[in-house]
Structures are given as structure tokens and as C-alpha cells.
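# An overview of the molecular structure
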Amino acid sequence: MNGLDMTVMFVYFGVLVVAGIIGSLKAKSSEDFILAGRNLGMFMYLGCLSAVILGGASTIGTAQLGYEHGLSGIWFVTMIGLGIITLGTIFIKRISSLKVTTISELLGKRYNAQAQIISAVVAAIYTLMVSVTQVIGMGTIIHALLGWNMTASMLIGGSIVLFYTILGGMWSVTVTDIIQFVVMTVAIFGFMLPISVSEAGGLKALAGDLPSSYFDFSSIGYGQIFQYFLLYTLGMAVSQDIWQRVFTARTEKIARNGSIFAGVYSIAYAIAGSVIGMCAYLLLPNAESSQSIFATLAVQILPQGLLGLVLAGVCSALMSTASGTLLASSTLISNDIIKKVWLKNISEKNYLILTRVNTLIVGVLAIVFALWIQDVLVALDVAYAILSGAIFVPFVVSLFWKDIHPKAGVSAIVVSTLVVLGGLLIEGLSSTTPILYGISSSIIVMAGFAVMARNKELSDREPVSEDVK
């Protein structure tokens, strides 16, 4: 990589740090730090939500799937988009008026304190794992750019995100996300996609030279498509990092419409990433690693200066998601565990300090786990398997079933979490069936409580006397 591209990248990172500092000036309270004062308009909300859902796995993973499977690689990010659209059309209206900070807080209101704490633990693990995927992705890009080893690359990328997130929380994240949303959009749709297609010989060359299976939307396999549905469409509906962005919207209308637009944008992003991967299949047929195919292709085809901008766009996607999930995980730990259990009367000032400290701890853990796992898609599968299998059913039931027993939620979460983790250990980290086991066990537990409540209701009724008969 030449000096011009490196300069573009370093200037971009510097801009993000400055933007983070500017955002920190607005974080006067814990609500500012966690939810940007619940005051974002449509453009800022759309940019922030799109930036957080389209991270390293979305960009690098979709290009990898396009390289390996063709157009059917779109299903990964398309299912994320469908999840966001579902969130906007079904769930937002029921939640926006509650003025909660986390999904776990909502579950605590509908069930009991135990449900809030247990779900916070599960969701915090999920958001931590998503942060891990972003650190891995940043390491992949910086490694391809500068030739540094993966350990140093992940440490540098993760540290930059952690720095500006601790500074100003959601306001810093919001300011940097707007920049990142614009850069990633221009980089992918304005440069990387058209140049990749051109270098591959145009759309006719793609149609003529690629295997026919690359144009079959189901070639990745219906089982894999269903797995993506379970992981991401269901997972998006109960993802704390997503809901934390939803809670930043100024009005319910902004939250609803912005979510739908972000979902549509995600589907377009999925198509672009898959086509880029297909172009890489023609241009780099013997690539050593399909996981780093996006960065490798960019280095080969992009001119000086533009390479730095495009890879800055990819880092934008990674950093946006990483900052959002780091903040989500620390919020869950601060709001739903520490404050709920130990520091119920903590002052506003100390609560803000507590959240910053937890953000630092979560960020360090994310970097450590990234150095250990070093596989974007596997780490993401584990995160969403826990979320979809353990939280989705209790969450949906809490919105649509008013008379459910208070202990049903916590029981379902505990049982299904253990089932999912056990299934992953036995069947492998990328297996779909543990999610189904988790969902099924949640349904069984909650149905069991409903039956017991019904039986108790019948037994409590006084028998009808013979005279009345």
C-alpha cells in the first residue's frame, strides 16, 4: 500500500477521533451518553441505524459468500434487512411509548426483576460477541493494508473505537456514525462495486464466465438460508444494540420509517457485496483466504488514493457496529445488572462514570476474544444463536400476551440459554438446530406456565352447589 492511501486512512481515523471528542461535549447526562438524549431526526437516525447493522461481518462476510456461492450470498445480510423491516413494522409501535433504556428493562417490567437480570446477561454476551466480530474485521482490513500481523492490527482498530466510544457514548457514536455512513455508502456503491464489475469485464463477462450456480439464489442451500433467518431476522428483533439506536429517535414515526429504510438499504448492500465477491472469483480465482477477499481485491484493482477511501469505508462499517455493540453491552451491565442489584440509589454522575468504566472493560474483553477466535462468521453465529434461541420468544410473548405468569419469562430464558449452549457444544458452533431447540424449549416452558396458571384458576373456583344446579 502506497503512502497516499495510508495518509487517507490515517487522516480518516483522525477525523473520527476528533468527531468523537466533539460528540463527547454533548454527553452531559447518562441519557445523553446512552441514548443521545432521545433526540435524533430522520437522517441522523437512518445513518446511525444503517451503520450499526452493517458491520464487518456484513461487508467482509458478504463478499466472502459471494466469492464462494455467488448471488445466494445475499441471504446473510438480506435476512438482517428483513429483521430491521420487521422491527419497524411490527414492534416499534408497541415499545416506543415505554421509555425504557434496554430490552432487558422491558422484560423486567413485563415479567420480574430476575427476567431483567438474566436477559441482560444473555444480551450482554451477544453484544460482546458482535463487538468481537468487528475487531476481527478491522484487523483483517488493517492487515491487508499495512502488512502488520493480525494481533497488532486488531489491537489498533479496536483501541480507536474504544477511545471515542468511552469519550462521549451515544453522542460520539452518532457523530462518527454519520461520517461513517456517508463514507461506506460512497465507497461501496460509488467506487468498489462499479470498478469491480468493470475490472471483471462487465456484467456480460460475469454472466458468461461464472459457473451457472453463481446465479442461483438458492445455491447456498435452503438449510443455510433458514439458519440466517433464525439467526438474523429473529435476532434483529431483540438485539440491544439495534434497540438502543431505536430509542434515540425523536418520534415514533422517525423510528418506524427509518427502520424500514435501513432494512431496504441493507438488502441493496447485500446485493452489492455479493456481486463484488463474484467479481473477485474471476479476478482472484486462487486467493489464499476467502475471508480477506474484499481487502485483497481492493488492493489489486483500486487506484492510489481511492484504495484508502474504500478501505476507510469498510473500516467505517466495522467501527460503527463495534462502537454500538460496545455501548450496548456496557449499558446492559450498568443499567440492568449493577444498578438493578447493587447500586439502586447511584447518583447520576457516578452512573455516568460506571457506564464509561464498563465500556472500557467490555472493549478490552472484545479485543481479547477477537485475538482468540479470529473468525468473523463463526463468532457472529454464536452471538445470534444465543440471542435468537433464548430471548426472542419471551420478548414476543411479553408484547402480545398480557396475562403470562411473571416467572415464565425468566424460566424460559434460563432453560433455552442452557439448551442453546449445550447444543452448540455438542453439534458445533455453526449448527442451526440448537436455535430451534432453544426456541422450542422457550415455547414449552411458557406454555407450561400458562397451563399451570389455568389449572390453578380452575381449582380456585368454588364448586357449583346442587341447589344452584
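Residues numbered from 1 in each chain as written. Predicted model: local features only at pLDDT ≥ 70, side-chain atom pairs only at ≥ 80, totals over all residues. Heavy atoms only, no water.

## Examining the overall build of the protein chain
Looking only at helices and strands, the protein chain features 19 helices and 0 strands. Here the C-alpha atoms of the protein chain give a radius of gyration of 23 Å, agreeing with the 23 Å that 2.2 N^0.38 yields for 469 residues. Dimensions of the protein chain, computed from the C-alpha atoms along their principal axes, are close to 95 × 55 × 40 Å. Evaluated residue by residue, the protein chain yields a buried proportion of 58% over its 469 residues. Accessible area for the protein chain stands at about 17900 Å²; split by element, carbon and sulfur atoms hold 66% of it. For the protein chain, the separation between the mean place of its 24 positive charges and that of its 23 negative charges on side chains is 13 Å. (Helix = DSSP H or I, 4+ residues; strand = E, 2+ residues; numbered from the N terminus. Rg over C-alpha atoms; globule rule 2.2 N^0.38 Å. Buried < 20%, exposed > 50% of the residue type's maximum accessible area, 1.4 Å probe, protein only. Areas by Shrake-Rupley, 256 points an atom, 1.4 Å probe, with all protein chains shown as cover. Lys, Arg positive; Asp, Glu negative; His and termini not counted. Charge placed at Lys NZ, Arg CZ, Asp CG, Glu CD.)

## A word on the packing of helix 8 (residues 150-199) against helix 12 (residues 252-283)
Two packed helices can be described by the angle between their axes and the distance between those axes. Packing of helix 8 against helix 12 brings their axes to within 9 Å, and their N-to-C directions diverge by 35°. Once helix 8 is placed against helix 12, the crossing between them reads as left-handed. Contacts from Phe181, Met184, Thr185, Ile188, Phe189, Met192, Leu193, Ser196, Val197 and Glu199 in helix 8 reach Tyr265, Ala268, Tyr269, Ala272, Val275, Ile276, Cys279 and Leu283 in helix 12. Considering only residue class, the contact of helix 8 with helix 12 consists of 15 nonpolar, 2 polar and 1 charged. (Axes fitted to C-alpha atoms, helices over the stretch in contact; angles between N-to-C directions. Left-handed = near helix turned anticlockwise from the far one by under 90°. Contact = heavy atoms within 4.5 Å. Nonpolar A, V, L, I, M, F, W, Y, C, P; charged D, E, K, R; others polar.)

## Remarks on the confidence of the model for the protein chain
Summary statistics for the protein chain give a mean pLDDT of 81 and a share of 91% for residues scoring 70 or more. Ranking the elements of the protein chain by mean pLDDT puts helix 16 (residues 376-390) last, at 69, and helix 12 first, at 92. (pLDDT = per-residue confidence, 0-100.)

## Regarding the packing of helix 8 against helix 13 (residues 293-301)
The geometry of helix 8 relative to helix 13 is characterised by a closest axis approach of 11 Å and an angle of 75° between their N-to-C directions. It follows that helix 8 is roughly perpendicular to helix 13 by the angle criterion. From helix 8, Ile188, Met192, Ile195, Ser196 and Glu199 reach across to helix 13, where they touch Phe294, Leu297, Ala298 and Ile301. A per-class count over the contact of helix 8 with helix 13 returns 7 nonpolar, 1 polar and 1 charged. (Parallel < 35°, antiparallel > 145°, perpendicular 65-115°, else oblique.)

## Structural notes on the nonpolar core
Among the nonpolar cores identified, the biggest contains 137 residues, and Tyr45, Ile53, Met192, Trp243, Phe294 and Phe395 are the most heavily contacted of them. Residue contributions to this core peak at 17 residues, all from helix 8. Once you skip the residues sitting within four places of it in the chain, Tyr45 turns out to touch Leu40, Ile92, Arg245, Val246, Thr248, Ala249, Ile254, Ala255, Gly258 and Ser259. Counting residues in hydrophobic clusters, the runner-up holds 9 residues, among them Ala200, Leu206, Tyr214 and Cys279. (Core = buried A, V, L, I, M, F, W, Y, C linked by side-chain atoms within 4.5 Å.)

## Describing the packing of aromatic side chains
The geometry of an aromatic ring pair is captured by the separation of the ring centres together with the interplanar angle, meaning the angle of the planes. Counting across every chain of the model gives 13 aromatic pairs. Between Tyr265 and Tyr269, the ring centres sit 6.1 Å apart and the planes meet at 35°, which makes this aromatic pair tilted. Here Tyr269 and Tyr265 lie together in helix 12, a separation of 4 residues that amounts to about one turn. When its relative accessible area of 14% is taken as the criterion, Tyr265 is described as buried. Owing to a relative accessible area of 3%, Tyr269 belongs among the buried residues under this scheme. Linked through ring pairs, Phe91, Trp243, Phe247 and Phe395 together constitute an aromatic cluster. (Phe/Tyr/Trp six-rings, centres within 6.5 Å; stacked < 30°, edge-to-face > 60°.)

## Focus on the environment of Leu128
With respect to the element layout, Leu128 can be found in helix 7 (residues 113-146). With relative accessibility at 12%, the residue Leu128 sits in the buried group. Here the alpha-carbon distance between Leu128 and Gly363, two residues 235 residues apart in the chain, equals 8.2 Å. Not counting residues up to four positions away in its chain, the partners in contact with Leu128 are Ser329, Val362, Leu365, Ala366 and Phe369.

## Brief notes about a nonpolar patch on the surface
Judged by side-chain polarity, Phe226, Phe229, Leu436 and Tyr437 come together as a nonpolar surface patch covering roughly 340 Å² of accessible area. Mapped by element, the contributors of at least two residues to the nonpolar patch are helix 10 (222-237) and helix 19 (433-460). (Patch = residues over 30% accessible without salt bridge, like charges linked within 9 Å, V, L, I, M, F, W, Y side chains within 5 Å. Salt bridge = Lys/Arg side-chain N within 4 Å of Asp/Glu carboxyl O.)

## Notes on the side chain of Ser334
Relative to the helices and strands, Ser334 is located in helix 14 (residues 306-341). Dropping the residues within four chain positions of it, Ser334 is found in contact with Lys339, Tyr351, Leu354, Thr355 and Asn358.

## Some details on helix 10
With 16 residues, helix 10 should reach 22 Å at 1.5 Å per residue; the first-to-last C-alpha distance of 22 Å fits that figure. Remark: the principal bend of helix 10, roughly 25°, maps to Phe229. Considered for burial, the residues of helix 10 that qualify are Ile225, Gln227, Tyr228, Leu230, Leu231, Tyr232, Thr233, Leu234, Gly235, Met236 and Ala237. (Expected span 1.5 Å × (residues − 1). Bend = angle between axes of the 7 residues up to and from the residue.)

## Structural notes on the environment of Phe400
Mapped onto the elements, Phe400 comes out in helix 17 (residues 392-400). Considered as a pair, Phe400 and Ser441 are 41 residues apart in the sequence and their alpha carbons are 19 Å apart. If near-sequence neighbours (up to four positions away) are discounted, Phe400 is found in contact with Ile90, Phe91 and Arg94.

## Comments concerning the environment of Gly422
Mapped onto the fold, Gly422 is located in helix 18 (residues 406-427). C-alpha of Gly422 to C-alpha of Gly438: the two residues are 16 residues apart in sequence and 9.8 Å apart in space.

## So, helix 3 (residues 42-53)
Between its terminal C-alpha atoms helix 3 stretches 16 Å, which fits the 16 Å expected from 12 residues at 1.5 Å a residue. Taking burial as the measure, the 12 residues of helix 3 include 9 buried ones, the bulk of the element. All buried positions along helix 3 are accounted for by Tyr45, Leu46, Gly47, Cys48, Leu49, Ser50, Ala51, Val52 and Ile53.

## A word on the side chain of Thr325
Along the chain, the position of Thr325 falls in helix 14. You can call Thr325 buried: its relative accessible area is 0%. The contact partners of Thr325, leaving out residues within four places of it in the chain, are Thr127, Val130, Ser131 and Asp241.

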